[in-house]
Amino acid sequence: KQWYQRRVAITAGIVIGEDGNHIKKSRDENDNVILECNADGVPVPTVEWFKDGVKVGDGSRLLVEKLPDVGSEVYQCQASNCMNRITRSTTIQIEPEPTEEPTEFDDLTAEAPRSTCRVSGRNNVATYDGNNYQFQGACDYVAAMDCSKASWFVYNRFSTCGDSDEASCLATVTIIASGTIIEVMRGWLVNVGGKKVHVIYRINESISLDNGFELFFDGSWLTVNKDLEEGKKLVIQYDGLNAVLIQSPVDTSTCGLCGNNNNDPEDDFKQRRGGVAGSAVDFAESWKIDRRGRCKPTEEIQPLTDLCTDEELEAAKSKCDGAINQEMFENCPTVEKAHFQSQCVREECGGTVTRDLPPLCSVVNTLSRQCSKVSWLNVEDDNIPVMNEEAANWQPTVECASADDARPVIIDQGCPQELEWSF
């Protein structure tokens, strides 16, 4: 209960406080209100309470129950004796329940739907159409491109990683569109036409570039947005280390490591010079860019038995199972968690990109990002994107560094970023 007091003084008549007391109350507070109207004087006054002209109580105190959901109610406190009668009003204003500050999950609007391709860890690729495959190769590759109009290109550079030189991991993402070239390197170092853009000093700030490009760094992932025709977008999200999500319009015919984006996984392995490859290695090799012949041939990945002992393998499986199959990731209909789990096991067995960031943490971070960010379940219905807010809060559930603690470690994996070189 909440008490609200008015004091009325009566001496040789009645003297009462100012009229129009106003009480604001939210619906999430206690439903009862106690009003007080104290009167002192000679003769001793009596106090009555009225609402809408109807008497609702006697005495200096009134308990008001059953407040309306929203709106206002006016109560009159009437103090009287043989000398005088004075009435004062009190308004109780019921306001709507307070709401939390809006977040990105509260403002989802219809927009042109996009397909998502993922390249992460040790050359793990999940195509637009749902194929998952791996290969081994430290070189430049066409990750995705507009195959009908050649209006945009995304290239990936892979370099050696892990505990030996046998494995390769994503190191650089390059986006080319509308005559603009944007290169994003480890540590979120961005190069736009030869000029550096230091996004690490501009967290949660939108940075507009020429030709419809926009950068946004939330402290954990860098997003590169490129406006395309008819309200469509190309969206690239990079974790600054070894994972990238490439979203392109669902009706764009693509080619490259991400497949052809035609909702048919059977023909994903279309090669650069025609035909469908019979293996992931042949497919990836066809999209390699090696004009000077400096790269080794694309190869099959190492078997797990070469990376882990039986005991280490079982430990990795147990560890990854607990991290991937959490309740917060249950509502991820567009993400195949089994693929993340197998990738997690391989990464744990194969070693780290950096000792300070365990492989499991990088895998779960990518799963969280793809699960919590924009995706589309049925583009034919309403084009409304789906986001799973719960999946974004994964760090407390596993033994991984927070975004703030991981950020300087990831920055150290790239080239030095002195502020005086900022764009």
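Values in this document were obtained by computation on a predicted structure and should not be read as measured data.

A. The overall build of the protein chain, seen in detail. Within the protein chain, the secondary structure is distributed over six helices and 25 strands. Out of the 423 residues in the protein chain, the part that is buried amounts to 49%. The long-range share in the protein chain, meaning contacts at least 24 apart out of those at least 6 apart in sequence, stands at 59%. On the protein chain, roughly 21,000 Å² of surface is accessible, and the fraction owed to carbon and sulfur atoms is 45%.

B. The arrangement of the state of the cysteines in detail. The tally for this structure, following the rule as stated, stands at eight disulfides. Across a sulfur-sulfur distance of 1.7 Å, Cys-37 and Cys-77 are joined as a disulfide pair. Across the S-S bond of Cys-37 and Cys-77 the torsion is about -55 degrees, and the bridge reads as left-handed. Within this pair, whereas Cys-37 is found in strand 4 (residues 33-40), its partner Cys-77 is found in strand 8 (residues 71-80), the two being separated by 40 residues in sequence. Its relative accessible area of 0% is what places Cys-77 among the buried residues.

C. Quick peek at the side chain of Arg-407. With respect to the helices, strands and loops of the structure, Arg-407 is situated in helix 6 (residues 403-411). Excluding anything up to four places from it in sequence, Arg-407 contacts Trp-188, Ile-203, Phe-217 and Gly-219.

D. Looking closely at the pattern of salt bridges. Under the counting rule described, the total for this entry stands at 14 salt bridges. A salt bridge links Lys-55 to Glu-48, with the nearest nitrogen and oxygen atoms 3.0 Å apart. By relative accessible area, Lys-55 is classed as partly exposed at 40%. Beyond isolated ion pairs, a larger network of salt bridges with shared partners links Glu-48, Lys-55 and Asp-58.

E. Summary view of helix 6. All of the buried residues in helix 6 are Ala-406, Arg-407, Val-409, Ile-410 and Ile-411. Here the buried face of helix 6 lies against strand 20 (213-217).

F. The arrangement of the pairing of strand 7 (residues 61-64) in detail. Going residue by residue along strand 7, you find Leu-62 and Val-64 tucked away on one face and Arg-61 and Leu-63 left uncovered on the opposite face. For strand 4 and strand 7, the ladder comprises four bridges, and the chain directions are antiparallel. What sits directly across from Leu-35, in strand 7, is Leu-62.

G. Region of interest: the sheet that holds strand 23 (residues 243-249). Read across the open sheet, the eight strands follow the order 12-11-10-23-22-21-20-19; overall the sheet is antiparallel. Since the sheet does not close on itself, it has two edges, and those belong to strand 12 (132-134) and strand 19 (206-208), each with one partner. Each strand of the sheet is rotated relative to its neighbour by a mean of 15 degrees, with strand direction disregarded. Alignment of strand 10 (residues 114-120) against strand 11 (residues 124-126), held across three bridges, turns out to be antiparallel.

H. Inspection of the packing of aromatic side chains at higher detail. Overall, the coordinates contain nine aromatic pairs when judged by the stated rule. Considering the side-chain rings of Tyr-133 and Phe-283, the 5.8 Å spacing of their centres and the 70 degrees angle between planes classify their relative orientation as edge-to-face. With Tyr-133 in strand 12 and Phe-283 in helix 1 (residues 280-286), this residue pair connects regions lying 150 residues apart in the sequence. Classification of Tyr-133 by relative accessible area gives buried; the value is 7%. Between the NZ or CZ atom of Lys-226 and the centre of the ring of Phe-213, over which it lies, the distance is 5.6 Å.

Conventions and cut-offs
Residues numbered from 1 in each chain as written. Predicted model: local features only at pLDDT ≥ 70, side-chain atom pairs only at ≥ 80, totals over all residues. Heavy atoms only, no water. Helix = DSSP H or I, 4+ residues; strand = E, 2+ residues; numbered from the N terminus. Buried < 20%, exposed > 50% of the residue type's maximum accessible area, 1.4 Å probe, protein only. Contact = heavy atoms within 4.5 Å. Areas by Shrake-Rupley, 256 points an atom, 1.4 Å probe, with all protein chains shown as cover. Disulfide = S-S within 2.5 Å. Salt bridge = Lys/Arg side-chain N within 4 Å of Asp/Glu carboxyl O. Pairing = 2+ DSSP bridges. Axes fitted to C-alpha atoms, helices over the stretch in contact; angles between N-to-C directions. Phe/Tyr/Trp six-rings, centres within 6.5 Å; stacked < 30°, edge-to-face > 60°. Lys NZ or Arg CZ within 6 Å of the ring centre and 35° of its normal.

The quantities given are spatial measurements derived from coordinates; they are silent on function.
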